[in-house]
Amino acid sequence: MDWTALRVSLWLGAGTIAILLPFGIWLGRLLAVHQFRGKVLVEALVTVPLVLPPTVLGFYLLVMFGARSPLGQAFQSLVGQTLPFSFEGLLLASAIANIPFVVQPIQRGFEAIPSDVRDAAACCGLTPWQRFTRIEIPLAWPGILTAAILAFAHTLGEFGVVLMVGGNLPGETRTLSVAIYDRMQAFDDRSAGVMAATLLVIAVATLMLTTTLSRRVGVRRG
Amino acid sequence: MCDVADRRLSVRILQRSPIPLDLDFTCDSGDVLAIFGPSGSGKSTILRSIAGLYRPEHATIRADGEMWSNTASKAFAPPHRRAVGMVFQEYALFPHLTALGNVMTALGHRPSAERRSRAEELLGLVHLSDHQDRRPHQLSGGERQRVALARALAREPAVLLLDEPFAAVDRTVRRRLQDEIDELRRTLEIPLLLVTHDFDDVVRLATHLLILDHGRAIASGALADLTSRPDLPWLRDAVGLGSVFEASAVRRDPEHGLLALTFDGGTLLASDREISAGTKVRVRIAARDVILATRAPDGLSLHNVLAGTVSAVNDDPALDSVVVQIAIEGVRLLAEVTRDAIGRLGIGVGTPLFALIKSVSIEILADFRQT
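Only a predicted model underlies this, so the values are computations on that prediction, with no experimental measurement involved. (Residues numbered from 1 in each chain as written. Chains lettered and ligands numbered in written order. Predicted model: local features only at pLDDT ≥ 70, side-chain atom pairs only at ≥ 80, totals over all residues.)

Trainee: Which residues make up the overall build of chain A, and what values go with them?
Mentor: Counting its regular elements, chain A contains 11 helices and 0 strands. Element order for chain A, N to C, with α for helix and β for strand: α-α-α-α-α-α-α-α-α-α-α. Taking the principal axes of its C-alpha atoms as reference, chain A extends roughly 65 × 45 × 30 Å. Considering chain A as a whole, with its 222 residues, one finds that 38% of them fall into the buried category. For chain A, the proportion of contacts with a sequence separation of at least 24, taken over those separated by at least 6, is 73%. (Helix = DSSP H or I, 4+ residues; strand = E, 2+ residues; numbered from the N terminus. Buried ≥ 20, exposed ≤ 12 C-beta atoms within 10 Å, placed from the backbone. Contact = placed C-beta atoms within 7 Å.)

Trainee: If you had to explain the pairing of strand β11 (residues 216-222) of chain B to someone new, which residues and values would you point to?
Mentor: All names here are of chain B. In this structure, strand β10 (residues 208-213) lies alongside β11, joined through 6 bridges in antiparallel fashion. Each bridged residue has a counterpart across the sheet, and for Asp213 the counterpart in β11 is Arg216. Following β10, the chain reverses through 2 residues before pairing antiparallel with β11; His214 in that reversal takes a positive phi of roughly 50°. (Pairing = 2+ DSSP bridges.)

Trainee: Now, about the nonpolar core: what can you tell me, with residues and values included?
Mentor: Most often, soluble globular proteins have nonpolar side chains that are buried together. The biggest cluster of nonpolar side chains holds 148 residues, and the ones touching the most others in it are Val103, Leu193 and Ala355 of chain B. Looking at this core, the element that brings in the most residues is helix α8 (residues 128-157) of chain A, giving 9 residues. The residue makeup of this core includes at least three contributed by each of domain 1 (4-232) and domain 2 (243-367) of chain B. Apart from residues no more than four positions distant in its own chain, Leu193 of chain B is found in contact with Cys27, Leu33, Ile35, Leu47, Val159, Leu161 and Leu162 of chain B. (Core = buried A, V, L, I, M, F, W, Y, C linked by C-beta atoms within 7 Å. Domains from an automatic or database assignment.)

Trainee: I'd love a proper account of the interface of chain A and chain B, names of residues and values included.
Mentor: Across the contact, 17 residues belong to chain A and 20 residues belong to chain B. Broken down by secondary-structure element, the contributors of at least two residues to the side of chain A that touches chain B are α7 (115-123), α8 and α11 (189-221) of chain A. No other element matches the 6 residues that α7 of chain A contributes to the side of chain A that touches chain B.

Trainee: I'd like a description of helix α5 (residues 141-154) of chain B, backed by residues and values.
Mentor: Residues and elements named next belong to chain B. With 14 residues, α5 ought to run about 20 Å at 1.5 Å a step, and its terminal C-alpha atoms sit 20 Å apart, in line with that. With 12 of 14 residues buried, α5 is to be regarded as a mostly interior element. What α5 keeps buried is the set Glu143, Arg144, Gln145, Arg146, Val147, Ala148, Leu149, Ala150, Arg151, Ala152, Leu153 and Ala154. Positioned one or two residues after α5, Glu156 has a phi angle of 50°, which is positive. (Expected span 1.5 Å × (residues − 1).)

Trainee: So what's going on with the environment of Thr26 of chain B? Residues and values would help.
Mentor: Tracing the backbone shows Thr26 of chain B in strand β2 (residues 21-27). Not counting residues up to four positions away in its chain, the partners in contact with Thr26 of chain B are Arg8, Leu9 and Ser10 of chain B.

Trainee: Lay out helix α2 (residues 43-51) of chain B with the relevant residues and their values.
Mentor: Most of α2 of chain B sits inside the fold, with 8 of its 9 residues counted as buried. Immediately beyond the C-terminal end of α2 of chain B, within one or two residues, lies Gly52 of chain B, with a positive phi of roughly 85°.

Trainee: Give me the lowdown on the domain arrangement of chain B, citing residues and values where you can.
Mentor: Domains assigned within chain B are domain 1 (4-232) and domain 2 (243-367). Relative placement of domain 1 of chain B and domain 2 of chain B: their C-alpha centres are 33 Å apart.

Trainee: Talk me through the environment of Ala97 of chain A; I want residue IDs and the actual numbers.
Mentor: Residue and element names in this part refer to chain A. The topology assignment puts Ala97 in helix α5 (residues 87-97). A C-alpha to C-alpha distance of 9.3 Å links Ala97 and His154, two positions 57 residues apart in sequence. Setting aside chain neighbours within four positions, we find Ala97 in contact with Pro49, Leu57, Glu158 and Val161.

Shown next, in the form of structure tokens:
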């Protein structure tokens, strides 16, 4: 059992949620509530990571992070290290790969709020920010929760993008799913089996948690 | 105290698209202006513009002595800065909050220590004290409507807007809610706007009426004047003609289930067992229930024989019947009779006539029982 890999996986999952939720809430709400020019394009771009093969996504992310790209240069001059094959680079790649898993459920969550309810909140004297925190967030909560859990579970299982962008550096970019592959290559079936079972348990536990929480939300709301 | 002009709502809306609107109206405090028209005529858009939820091309909206919208000077107060109480068609309650929580949400202008007790008070006012901890899905349609009303009142609004408030409740609940709202408006002293496509709401609640068609007011004014106008074919299609006026219950005859009413034109006997003497009521008499006679008849089972003078005859060739308007002191009564009867009785403007009305034909609308 590669505990370091498990730790990297869990940190990556948590970090991805931390980065993506605020962004997903912003973009999901924007797409749900506002009509604007180019909305269809934005929605298509959001979905792209879902349909691209992970290797293709990984390739473009590597190009984007590379020393010759503005992003890669900016990161290097700020932090003093390169983005590819670092935990930070992997985290950024994971966040981008998970955009569709986060934005879409959140968008559906905000779309489910009737526009009359939004208007009623305004007529109750709530400022836009109060409407957002006291009415919209609680009502979109099931969507936000689904987004967080999907992103977490998907990050734990991500393989192609991780290998392309992060490589296989122990303690830095070697996640549990990469470690399993690594052990299999070395004919260490036992370790691979333990780690695979760990991921399976985490996956089942996550799904049970989702179901329980969403049922509780359901009871609260009817 | 603010004077009446200060509390008046005045609205001027002009736009070409998407919904064409060309309107100019006012509503004084204590009045109930019903905006009546078919669906798609722009009724809800008017209310939404007043609430600041919609911005028409050109608008000047004044209420509570403040300018809420003025497109010419680019003045616009966002909805949360307008003291508006709005009851939405589907109530739009916050599903994650209890009835109490819903009402408390609209009490942000009060110190937080007072909000709970004030919300309880308001729920008591709409007879929902027992249900304050229920969530919207645990309430019936009528109860939700009451929560929505309590929430709208919680803002201490300068204008109360009701958007098809009874569309989603059944007839019995509707009657009760209509009465409750009528009772409330007597204590509120603010302009009240009611959007509806059901004439029942108009006759039971409104003091003033604006009839909307394709975004324009085809008629507007005091209800008593409009409902007696025989030249509104649209109204006639919608409800059949009738006259509405105020009266007071003076005497009850429990033995026969009769109620004596006095009004500007005299006394009427109505069939009613519930209303107690001393209450003010609104009475509606359908034009087709009024029989005309040139001489006072005798030997009839009828109670109500009123003497008056013909003040107008509206003969629309497209219709089989003729509408005769009879002035009985200050009240104008409408009678719908056949064209043949006009000839036989020699009815013209100025003809003295007797109007005969069965006591069961006198429809008593909102009664304002003390609770």
